[in-house]
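Notes for the structure review
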Amino acid sequence: MTVERTYAMIKPDAVKRKLIGKIVDRIEAEGFTIVAMRKHCFSLKEAQGFYFVHRARPFYPELTEFMSSGPIVALVLERDNAIAHWRDTMGATNPANAAPNTLRKLHAASIGENCVHGSDAPDTAAQEMGFMFPGISLL
Ligand code: CMP
């Protein structure tokens, strides 16, 4: 297995519900090393930039308004197979379809307010890490 980095985010719904500690605890219990972490409030423009890839989707306005509605926590996580392992830890995008004990099954309310984000591939991980942590080593 190759050591890899991924981009993770604790979304405004989870921050509002004081779940940062629980989620960070789970991240470390899953064997990730936290390489970088910052709390940040997206402006609407920043949220639109971050999710630009989804600009043509019907949920884009709802998504970007939600993501700029309160603080998020951005993280760079490292371990072997980090991208897939973090996606398994989060569970399916829609919490109704998420496997037991995944973060979204445990904590998410809906497909829109789904508590965490994770990059889906090495190229998006590189892009998302660069967006929030300019200059960070991609490994
Ligand atoms: P995320 O992993 O952050 O990537 C894109 C986000 O869009 C996704 O999680 C969901 O929160 C959101 N999303 C995807 N599909 C829908 C939908 N049908 N309605 C609202 N939001 C959605």
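Residues numbered from 1 in each chain as written. Predicted model: local features only at pLDDT ≥ 70, side-chain atom pairs only at ≥ 80, totals over all residues. Heavy atoms only, no water.

**Concerning the site of the ligand**
Around the ligand, the neighbouring residues are K11, Y51, H54, F59, E62, L63, T93, R104, I111, G112, N114 and H117. Between the ligand and the protein, one listed contact pairs an oxygen atom with a side-chain N or O atom of R104 at 3.4 Å. Starting from 460 Å² of accessible surface for the ligand in isolation, the protein chains cover 81%. Class assignment of the residues belonging to the shell around the ligand gives a composition of four nonpolar, five polar and three charged. (Near = heavy atom within 4 Å. Polar contact = N/O pair within 3.5 Å; in protein donor to acceptor, adjacent residues only side chain to side chain. Areas by Shrake-Rupley, 256 points an atom, 1.4 Å probe, with all protein chains shown as cover. Nonpolar A, V, L, I, M, F, W, Y, C, P; charged D, E, K, R; others polar.)

**Points about the environment of N114**
Tracing the chain through its elements places N114 in the loop between α6 (103-107) and β4 (116-118). Given the relative accessible area of 2%, N114 is considered buried. Once the C-alpha coordinates of N114 and I10 are considered, the two residues, 104 residues apart in sequence, prove to be 9.3 Å apart. In contact with N114, other than residues within four places in its own chain, are K11, D13, T93, R104 and A108. (Helix = DSSP H or I, 4+ residues; strand = E, 2+ residues; numbered from the N terminus. Buried < 20%, exposed > 50% of the residue type's maximum accessible area, 1.4 Å probe, protein only. Contact = heavy atoms within 4.5 Å.)

**Re the sheet that holds strand β2 (residues 33-40)**
Strand order in this open sheet of four strands is β2-β3-β1-β4, and the pairing throughout is antiparallel. Lying at the two open borders of the sheet, with one neighbouring strand each, are β2 and β4. Ignoring which end each strand starts from, the neighbouring axes of this sheet average 20° apart. By the bridge criterion, seven bridges tie β2 to strand β3 (residues 72-80) in an arrangement that is antiparallel. Residue pairing for β3: M37 is matched across the bridge by L75. Each of β1 (3-10), β2, β3 and β4 touches helix α2 (residues 20-29); the most contacted strand, β2, lies at about 160° to it. (Pairing = 2+ DSSP bridges. Axes fitted to C-alpha atoms, helices over the stretch in contact; angles between N-to-C directions.)

**Observations concerning the environment of S119**
Along the polypeptide, S119 turns up in the loop between β4 and α7 (122-132). As a C-alpha pair, S119 and A8 span 111 residues in sequence and 6.8 Å in three-dimensional space. Those residues within four positions of S119 in sequence are excluded, and the remaining contacts are T6, Y7, I83, R87, T124, A125 and E128. A polar side-chain atom of S119 sits 2.7 Å from a polar atom in the side chain of E128.

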